[in-house]
Amino acid sequence: TLKTTAGDNCFHQFDNFNDSYNPLGCGVLRSVFLKTSNFMGGEYFGSLTKRTIKSYEENNTYAEMRLSIYGKSTREWDDLAKWVKANGLHKQEATSRN
């Protein structure tokens, strides 16, 4: 496993929360593997997200997946939308109304 955890104490301080999601306790690995914008264009994270969604669908499991928007740039939403599209993560049935 990557040794990521989300225990009771990680919601008291934001730095504890972020540290809990560093694979093997290493922030660099988080940047390489679990970010949408890195030198690989978030390709690994996109592939991992696709596999996770496929597993949920196969097992009739539902989850509320979240990504952070930090507000550091006016382009964050556009960049995130491009990442979703580039990795084939948009599903029309998930966003259409009945």
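In short, a report on the structure. This one's a predicted model, so the numbers in the text were calculated from it and none came from an experiment.

1. Let's talk about helix α3 (residues 43-58)
Taking 1.5 Å per residue, 16 residues should reach 22 Å; α3 reaches 23 Å between its end C-alpha atoms and fits that length. Along its buried surface, α3 packs onto α2 (27-33) and α4 (76-86). Where α3 terminates, the next one or two residues include Asn 60, which has phi positive at roughly 50 degrees.

2. Structural notes on the pattern of salt bridges
By the definition in use, this model includes 3 salt bridges. Glu 64 serves as the salt-bridge partner of Arg 66, at 2.9 Å between the closest nitrogen and oxygen. Neither residue differs from the other here; Arg 66 and Glu 64 are each classed as exposed. Across the pair Asp 79 and Arg 75 runs a salt bridge, and its minimum N-O distance is 3.7 Å. Judged by relative accessible area, Asp 79 falls into the partly exposed class, the value being 40%. The network of salt bridges with common partners includes Arg 75, Asp 78 and Asp 79.

3. Topic: the environment of Asn 22
Within the fold, Asn 22 resides in the loop between α1 (14-20) and α2. Between the C-alpha atoms of Asn 22 and Phe 33, which are 11 residues apart in sequence, the distance is 9.8 Å.

4. Quick look at α4
Regarding α4, the residues found buried are Glu 76, Leu 80 and Trp 83. Projected onto a plane normal to the axis of α4, the buried residues spread over an arc of 60 degrees and lie on a single side. Those residues of α4 that are exposed and angled more than 90 degrees off the buried face are Trp 77, Lys 85 and Ala 86. The inward-facing, buried residues of α4 abut α3.

5. Observations concerning the environment of Gly 88
If you trace the backbone, Gly 88 turns up in the loop between α4 and α5 (92-95). A relative accessible area of 43% places Gly 88 in the partly exposed class. Distance in space between the C-alpha atoms of Gly 88 and Ser 47 is 9.3 Å, their sequence separation being 41 residues.

About the thresholds
- Residues numbered from 1 in each chain as written.
- Predicted model: local features only at pLDDT ≥ 70, side-chain atom pairs only at ≥ 80, totals over all residues.
- Heavy atoms only, no water.
- Helix = DSSP H or I, 4+ residues; strand = E, 2+ residues; numbered from the N terminus.
- Expected span 1.5 Å × (residues − 1).
- Contact = heavy atoms within 4.5 Å.
- Salt bridge = Lys/Arg side-chain N within 4 Å of Asp/Glu carboxyl O.
- Buried < 20%, exposed > 50% of the residue type's maximum accessible area, 1.4 Å probe, protein only.
- Arc of directions from axis to C-beta.

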